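# Secondary and tertiary structure notes
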Amino acid sequence: MLMPLHTDARQSGEPSEFDINPVYVRLAQEPVPRHALPRHQMLPDTALQVVRDELLLDGNARLNLATFVTTWMEPQARQLMTECLDKNMIDKDEYPQTAELEARCVNILADLWHAPECVNATGCSTTGSSEACMLAGMALLWRWRERRRAANAPAGRPNLVMGTNVQVCWDKFCRYWQVEPKLVPMAPGRYHLTGPEAAAQCDENTIGVVAVFGSTMDGSYEPVSEINAELDRLAAGGGPDVPIHVDGASGGFVAPFLQPGLDWDFRVPRVASINASGHKYGLVYPGVGWVVWREAEALPQDLVFNVNYLGGQMPTFALNFSRPGAQVAAQYYNFLRLGFSGYQRVQQACQDVAVHMSGRIAKMGPFELISEGRELPVFAFKIADPQASYTVFDLSERLRARGWLVPAYTFPADLTDTAVLRVVIRNGFTKDLADLFLSDLNHHWRALAAHPHDCPPLVPEGKRQGFAH
């Protein structure tokens, strides 16, 4: 059964028009079509109020414990982004200094991740980690084809090894570029990919192994160094020589500051490329990601286009073209504003709150921790008693009544019978807010346990909220 991207507005049951009645009736009850352009203009303040009134129904971003995406920046950063909204990031000839800031950010990240070529690093900004993953996957695919052709071997059945906990962008990459996904399922007590499981799936058609450095399922790091060692053993035994891509969407901006001695980046020899989300723990509002390659040779030149655009020759490697330069400017602002010690303090504060919360939840009684938040400042927990009269979905719905947005979801294969709540701690979520959340969680599980059948679910079973990223 095909699933449309959007529901048919004509079948929504909503009226085809809505009434405008701004404060003090500046424009009295003028109907406006919902799904077509109005015939006439309206005052800017009226249009603003109409849109703002509808957006009041959105959740409070600061209380959103589901998303990894940054929900607060300093006023100075917001001002800078506003000033740069009209700059087209792709037009490097007209906005050369914006392009220079992008190059500086790439070099800063290459240095942070210990790339051997960190002065003239190979990398680029993207609209987010999903695009960055696509670009890195394409580079792996092109390099694999080159190796196969050089060996006069067939290059028609590529595959990519990864755990079932990967973000959906990797499923998209495999489908869009006709690469077989070799998904390693979870197991009790093992919630991500490890070295032996990765190596066991590799063959001569494997373009690479994806190591998720900060699983969205539970916040844990996949052991990049261990995966590297197992792939070394595979190659030494006559097996294929397989590179690694590190999906550091979140961990790429956390581990360098909180676990600087952990080998996961370009210090690991097989790591060919790394991506990260500037708009997650890079602390920028949504719309920017980064991908960096170990060296120039890791990015096939066949993928880079030189475009004659507005009078200048411009190299480009991207799935998108025009996009604002605001997020890149904001990323560079953060790098200048915080420096290494500033990022370290921010991420440490987030982790301290995460560990405080997970420790308190573990002592509440009905819950069992899946993770504690000691890698990413993210943790997941489940209801310990499988026969409990309420579920994590019931808790998620009740917490929403107080404004807390906490995702409830089941794990992927082979742990689909495990349902959890997951909490993401971001910059700006304080210990005081954490204690308010803990108080509400304690109240709601006790209420559900005391009255298991008196209160029907707030949301019908078939329409309950699932995993939120």
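To be clear, the structure that these remarks concern was listed above.
Residues numbered from 1 in each chain as written. Predicted model: local features only at pLDDT ≥ 70, side-chain atom pairs only at ≥ 80, totals over all residues. Heavy atoms only, no water.

## Brief notes about the sheet that holds strand β5 (residues 180–184)
Strand order in the open sheet made by the seven strands is β3-β9-β8-β7-β6-β4-β5, with mixed pairing throughout. Sheet topology places β3 (122–126) and β5 at the edges, where each strand pairs with a single neighbour. Averaged over neighbouring strand pairs, the angle between their axes works out to 20° when direction is ignored. Of the strand pairs in this sheet, β3 and strand β9 (residues 289–293) are connected by five bridges, and their pairing is antiparallel. When the bridges of β9 are listed, T126 appears paired with G289. The sheet contacts of helix α7 (residues 224–236) involve β6 (206–212), β7 (244–247) and β8 (271–277), and relative to β7 the element is tilted by about 170°. (Pairing = 2+ DSSP bridges. Helix = DSSP H or I, 4+ residues; strand = E, 2+ residues; numbered from the N terminus. Axes fitted to C-alpha atoms, helices over the stretch in contact; angles between N-to-C directions. Contact = heavy atoms within 4.5 Å.)

## As for the state of the cysteines
In protein structure, a disulfide is the covalent linkage between the sulfur atoms of two cysteines. Per the stated rule, a full pass over the model turns up zero disulfides. For the unlinked cysteine C174, the closest cysteine sulfur is that of C169, found at 9.8 Å. A relative accessible area of 3% means that C174 is categorised as buried. (Disulfide = S-S within 2.5 Å. Buried < 20%, exposed > 50% of the residue type's maximum accessible area, 1.4 Å probe, protein only.)

## Let's talk about the sheet that holds strand β12 (residues 367–369)
The strand order across the open sheet built from four strands is β12-β13-β15-β14, with neighbouring strands paired in antiparallel fashion. In this open sheet, the two strands that pair with only one neighbour each are β12 and β14 (408–410). Taking the axes of each pair of neighbouring strands and ignoring which way they run, one obtains an average angle of 40° across the sheet. Summarising the sheet, β12 and strand β13 (residues 378–383) pair through three bridges and their orientation is antiparallel. Residue pairing across strands places E368 opposite K382, the latter belonging to β13. Strand contacts of helix α10 (residues 392–400): β12, β13, β14 and β15 (419–424), with the helix running at about 35° to β15, the strand carrying the most contacts.

## Comments concerning the nonpolar core
Grouped together as the largest cluster of nonpolar side chains are 62 residues, with contacts concentrated most on W113 and V209. With ten residues, helix α9 (residues 326–362) is the single largest residue contributor to this core. Excluding its chain neighbours within four sequence positions, the residues that come into contact with W113 are G252, P256, W264, D265, F266, R267, I274, N275, A276 and V292. The next biggest cluster of nonpolar side chains, apart from the first, holds 30 residues, and it includes L65, C350, M364 and F429. (Core = buried A, V, L, I, M, F, W, Y, C linked by side-chain atoms within 4.5 Å.)

Just geometry here; none of it tells us what the structure is for.
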